[in-house]
Amino acid sequence: MTFLKGAKRFLVVSAVAYILLKALFLSGLATEYVQQVVLYALVMIIASLGLNVIYGYTGQFSLGHAAFYGIGAYVSACLTHAFAVDSVYAFLPILLFGGLFSGLIGYLIGVPILKLRDDFLAIATLGFGMLVRVLLDNSDKVADVVGGSRGFIGIPRITNLELVFVVLVFLVVVTRNLIFSKYGLFWQCIKDDELASTAFGIDTGRMKSMAFTYGCFLAGVAGGLYAHLYTFLHPSNFDLLKSIDFLVIVIVGGMGSITGTIFAGLLWVGFIEGLRIALPSGILELRWVFIPIFLIILMMLRPYGLFAQKESRFLGIDKT
Amino acid sequence: MMRKSASIAAMIFLLGTGLAGAKETVKIGLISPLTGDVKTFGESSRNAFYIALEEYGKTGKYTISPFIVDDRNDPTEGANGALKLITQDKVLAFVGPLTSKVSIPVSEIATKYKVPMITEAATNPKVTVYEGKRKPYVFRACFTDPFQGYVAAAFALRDLKVKTAAVLYDVGNDYSRGLAEVFKSTFEKGNGSVVAYESYQKDDVDFSALATKIRLKKPELVFIPDYYNKAGLIVRQLREKAVNCALIGTDGWDSPELIKIAGNTIVGGYFTNHYSPERKDKIAERFIARYREKHGSVPDALAALTYDAAMILLVTLDKLKEPGSEQLTKALSQLKNFQGVTGVISFDKNGDAVKSAVILRMEKNGPRYVTTVRP
Amino acid sequence: MEVLGYLLQQLVNGLQLGAIYALIALGYTMVYGVLRLINFAHGDIFMFGSFVAYYLIAKWQMPLSLVFVITMAATALLGLVVEKVAYKPLRGAPRISLLITAVGVSLFLEYFLSLDSMFTPNYIAFPRPFDVVAYDLSLVAITNIQLIIFSVTAASLFLLYLLVYRSKYGRAMRAVAHNQETASLVGINVDAVISFTFAVGTALAGLGGILYGFAYPQINVFMGIMPGIKSFIAAVLGGIGLVHGAVLGGLVIGVSEVFVSAFLSSTLRDGVIFVILLLVLLFRPNGFFGKRREKV
């Protein structure tokens, strides 16, 4: 099982984590609301992992990640609606398809724009993200059930702890294998110095495209899980602010660190959602005042994030 | 001496605990847009909610513990808030949301968790019925858009005697869209012709292009079913582009902010509404007086509706043998002839209120009552 | 004939919007020129300008000429503060860090000002200290507001042109934009020039904010996001770093937006702008007038 080689420790740790979470859920200590938040955090981690591959490892700054997340969400929701899917097993191929579709769009968009220099890539991805948002807003002209800017309601609730966990663990293992393979090495070379990488004979165009496509695929899968968790979609969920959410998780966790993304994802969602429960609505708005300040300070002190380039031994994610 | 004060203290203590033990606490929620683009609606709603609680507290069977959530007039926020109210705060029932676009997703959640909700002002039919199926836990204290749109169109045809109309609506708002559609079909059935049917987006600010487009078509009337924020902006720009025909709006216009945004351009415009504060009725007058006393202004339709919605919940609650979401829902579905501030309310088989609408006209110092239209 | 009148009218509408975009785009382009930084927060400084003007007119009833001066000074000041506090410490840092910081500044301005103790998150009616007068010129109708926008924008452009191309300050700006290191070698105080550029750029954004308030009298703390992005696209369209590019870009974007709204649907107006952006980045990344920077 070359695929799982080296990931044994991680699988063990994941199994333990799953048992703990499941026990927590079943015990009734965690309300349904809290359970939903936990699942949401795990979904965010998957999507942020995608952005980490694109930006953290390969250095391509994308401000449109939420668009691919949204595409996956809408596509999978349309399919479950069209085929009246109810069970997890029937859902899996749809989830995969949603991810692949996002990945494909990522690939197509990437062909022209990945050639651009970083700040222009940022604007191009931002523009694409907004374009997708406009398309989603007008989507009901194509199919009324999608609701356009009125929102997509009635999506079956298929996502549960088991599904998210399995998908997450699987994707982390896949990502980890990619990172520690020659591809991961090439990606990091490109991030460090694209020109030198080309000089070394690395096909930077192809590598960049591969990273981008893979990252968008992850976003699409996460989107599909999200749609069937919240059972309600609205184009405003997939705007620039959401892309920035993912970016913050990647940056705070550390560019080029899977551990960092996991950690930051939990921290970030826990922080935002936890505050929603804890604080009265008046003070709630302050969180969005402190987050950018935190971001700016982070840029000044630790521009590469908290866990940059480091992986956790304990979790079994690092290279064995 | 000591013994006497001790026994008095003991008596007071017993009385206190006795009283405290007598009233059970019931949790009721309110989902309202306290911030965002329809903030004045949310505030009115909350004010009225508290007045209703106060009124109920005088004679009611239970102590009400209120839980308030701000939905920011955003469907996702509303959905999250409803989830919190139901699963975290464990409310028995809740009032709101206020707008259709938030109520539609929230009604799905209420149905899923079997918690009754009464929306005070969401007028879109999809709130209580979706794809032909009634959502049993959802009720509304106001009329629906098919009725409101019909009233507007009928008024335009009969009273204003116009033959051509233009319709402008917000594509992202079920409320606006629903009304636009009903107006159009009613108007056309009455042999009118809709010469322009244009949509815009929530965040659009520049209406010069649309205004010029409408001017080209020369309609005798423009129908603008949107909230006061947008309506004010649009009307202003319409007048700037010399579109000087009659205007009709809907209950979303009912806010003191409207005249602030539109200035004099809105004077002469009509709109459909749930009630007029000029209404001569004991219950209405008492509510209006109390609201005036507490907040220094006349309550708008949203306040009146919220008061009615909350009172419906509370009064029905008292009729139950014991508080429970299921029993409350069953009792609500049988509500008949409830005397409210906004009129006599009965729920039909869809949980919608059967009520009349009024037409108001914007004057320099506020809206004035014109006429009532019965269903 | 009526069709021509209609077209002209929509053109005028588009130019009105475009003029405001041009003013904002100028700020973007100038800052990019000297710092190679896309000042994400520029749209929010524009918003700040609108709010300052609102307070001056509504709460303190200031005469219009003072409103213009004070507002522009206020936005210039804000621009300077942002530059000194957020961007200067990161001068040598990777471009992406700067960009993220700019995003952070943008979010901060929006959410901080949206607090109830500050500008509040509500939609506020922008007061117009004069009445709208429409001048009917048979084919088209022009309002006094449009005339004000056109004349003020034209005047500002003229003054800006004089500044950038006919003054020694402008020469210093162009030198720093061309090559920072060499400029400092020739004795130019690079820091001062950067600050000065920021101040001028943001002052123009403030001006745009006032005019926007007149034209579309409803302001809100998040109003700067879309105009900011569109103005940036305008700057890219015309050739980023070039003053005349920003102007042309702004007008083109404004007119396109209005035309899409008029002839297709208002719901597509934002989408088309982004399509334009993607096309420009693909086929003419240096913009209409540009040739200067490599984008690859």
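Reading the values: rules and limits
- Residues numbered from 1 in each chain as written.
- Chains lettered and ligands numbered in written order.
- Predicted model: local features only at pLDDT ≥ 70, side-chain atom pairs only at ≥ 80, totals over all residues.
- Helix = DSSP H or I, 4+ residues; strand = E, 2+ residues; numbered from the N terminus.
- Contact = placed C-beta atoms within 7 Å.
- Rg over C-alpha atoms; globule rule 2.2 N^0.38 Å.
- Pairing = 2+ DSSP bridges.
- Axes fitted to C-alpha atoms, helices over the stretch in contact; angles between N-to-C directions.
- Parallel < 35°, antiparallel > 145°, perpendicular 65-115°, else oblique.
- Left-handed = near helix turned anticlockwise from the far one by under 90°.
- Nonpolar A, V, L, I, M, F, W, Y, C, P; charged D, E, K, R; others polar.
- Domains from an automatic or database assignment.
- Expected span 1.5 Å × (residues − 1).
- Bend = angle between axes of the 7 residues up to and from the residue.
- pLDDT = per-residue confidence, 0-100.
- Buried ≥ 20, exposed ≤ 12 C-beta atoms within 10 Å, placed from the backbone.
- Right-handed = clockwise from strand over helix to strand, strands pointing away.

### Examining the overall build of chain B
Item 1. Counting its regular elements, chain B contains 12 helices and 16 strands.
Item 2. A sequence separation of at least 24 residues applies to 69% of the contacts in chain B between residues at least 6 apart.

### Regarding the overall build of chain C
Item 1. The number of helices and strands found in chain C is 11 helices and four strands.
Item 2. Its C-alpha radius of gyration of 19 Å places chain C within 12% of the 19 Å reference for a compact globule of 296 residues.
Item 3. Principal-axis analysis of the C-alpha atoms places the extent of chain C at approximately 60 × 45 × 35 Å.
Item 4. Pairs at least 24 apart in sequence give 74% of the contacts found in chain C among residues at least 6 apart.

### Looking at the sheet that holds strand S8 (residues 164–170) of chain B
Where strands meet in a sheet, backbone hydrogen bonds hold them as pairs that are either parallel or antiparallel.
Residues and elements named next belong to chain B.
Item 1. Strand order in this open sheet of seven strands is S9-S8-S10-S11-S12-S15-S16, and the pairing throughout is mixed. Only two strands of the sheet have a single neighbouring strand rather than two, namely strand S9 (193–200) and strand S16 (366–373). Each strand axis lies, on average, 25 degrees off the axis of its neighbour in the sheet, ignoring direction.
Item 2. Across four bridges, the pairing between strand S12 (residues 270–273) and strand S15 (residues 357–363) is antiparallel. By the bridge assignment, Phe271 is partnered in S15 with Leu360.
Item 3. Helix H7 (residues 208–217) contacts S8, S9 and strand S10 (221–224) of the sheet and is inclined by roughly 175 degrees relative to S9.

### Describing the sheet that holds strand S2 (residues 63–70) of chain B
Residues and elements named next belong to chain B.
Item 1. The sheet built from five strands is open, its strands ordered S2-S1-S3-S4-S7 with parallel pairing. Pairing within the sheet leaves two strands with one partner each, and these edge strands are S2 and strand S7 (138–140). For this sheet the average axis-to-axis angle between neighbouring strands, irrespective of direction, equals 25 degrees.
Item 2. Strand direction decides the pairing type here: strand S1 (residues 25–32) and S2, joined by eight bridges, are parallel. Following the sheet pairing, Thr25 is matched in S2 by Thr63.
Item 3. Running over the sheet, helix H11 (residues 301–319) touches S1, strand S3 (93–95) and strand S4 (117–119) and is turned about 160 degrees from S3.

### As for the packing of helix H2 (residues 42–59) of chain C against helix H9 (residues 225–238) of chain C
Helix-helix packing is characterised by the crossing angle of the two axes and by the distance between the axes.
Residue and element names in this part refer to chain C.
Item 1. Running from N to C, H2 and H9 cross one another at 130 degrees; their axes reach a closest spacing of 8 Å. In terms of orientation, H2 and H9 fall into the oblique class. The two elements H2 and H9 cross, and the hand of that crossing is right-handed. In contact with His42, Gly43 and Phe46 of H2, H9 contributes Ile225, Pro227, Gly228 and Ile229.
Item 2. Of the residues assigned to the contact of H2 with H9, the class counts are four nonpolar, three polar and no charged.

### What to know about the domain arrangement of chain B
Residue and element names in this part refer to chain B.
Item 1. Segmentation of chain B into domains returns domain 1 (11–143 + 279–356) and domain 2 (146–273).
Item 2. Each of domain 1 and domain 2 was reduced to a C-alpha centroid, and the two centroids are 30 Å apart.
Item 3. Tallying the contact residues gives 17 residues for domain 1 and 15 residues for domain 2.
Item 4. Those elements giving two or more residues to the side of domain 1 that touches domain 2 turn out to be helix H2 (39–59), helix H4 (100–113) and H11.
Item 5. The greatest single-element share of the side of domain 1 that touches domain 2, amounting to three residues, is contributed by H4.

### Comments concerning the interface of chain B and chain C
Item 1. Contacts between the two partners involve 26 residues from chain B and, on the opposite side, 24 residues from chain C.
Item 2. Among the secondary structure elements, those contributing two or more residues to the side of chain B that touches chain C are S9, H7, helix H8 (228–240) and helix H9 (257–262) of chain B.
Item 3. At six residues, H7(B) tops the list of elements feeding residues into the side of chain B that touches chain C.

### Side note on helix H2 (residues 32–57) of chain A
Residues and elements named next belong to chain A.
Item 1. When the terminal C-alpha atoms of H2 are compared, their 36 Å separation across 26 residues agrees well with the 38 Å that a helix rising 1.5 Å per residue should span.
Item 2. At Leu51, H2 shows its largest bend, some 35 degrees.
Item 3. Of the residues trailing H2, Gly59 is marked for its positive phi of about 75 degrees.

### Considering the interface of chain A and chain C
Item 1. With 32 residues of chain A at the interface, the matching set in chain C holds 34 residues.
Item 2. Taken together, the elements giving at least two residues each to the side of chain A that touches chain C come down to helix H4 (88–113), helix H5 (118–137), helix H10 (240–253) and helix H13 (287–301) of chain A.
Item 3. Per-element tally for the side of chain A that touches chain C: the top contributor is H5(A), with 13 residues.
Item 4. Across the side of chain A that touches chain C, the residue classes break down as 24 nonpolar, two polar and six charged.

### Observations concerning the confidence of the model for chain C
Item 1. This prediction gives chain C a mean pLDDT of 86; 97% of its residues lie at or above 70.
Item 2. Reported confidence for the predicted complex is 0.80 by ipTM and 0.83 by pTM.

### Quick word on unusual backbone geometry
Residues and elements named next belong to chain B.
Item 1. The amide bond that connects Gly96 to the next residue, Pro97, takes the cis arrangement and shows omega of -5 degrees.
Item 2. Residue placement: Pro97 occurs in the loop between S3 and H4.
Item 3. The residue Arg72 is not glycine, and still its phi comes out positive at about 55 degrees.
Item 4. A residue is classified by how many C-beta atoms lie within 10 Å of it, and Arg72, with 22 of them, is buried.
Item 5. The residue Asn73 is not glycine, and still its phi comes out positive at about 55 degrees.
Item 6. If you trace the backbone, Asn73 turns up in the loop between S2 and helix H3 (75–88).

### A word on the pairing of S8(B)
Residues and elements named next belong to chain B.
Item 1. Counting buried positions over the seven residues of S8 gives six, a clear majority of the element.
Item 2. Traced from S8 through helix H6 (residues 174–189) to S9, the parallel crossover comes out right-handed.
Item 3. Where S8 meets S10, three bridges bridge the pair, whose relative direction is parallel. The residue bridging Ala165 from the neighbouring strand is Leu221, located in S10.

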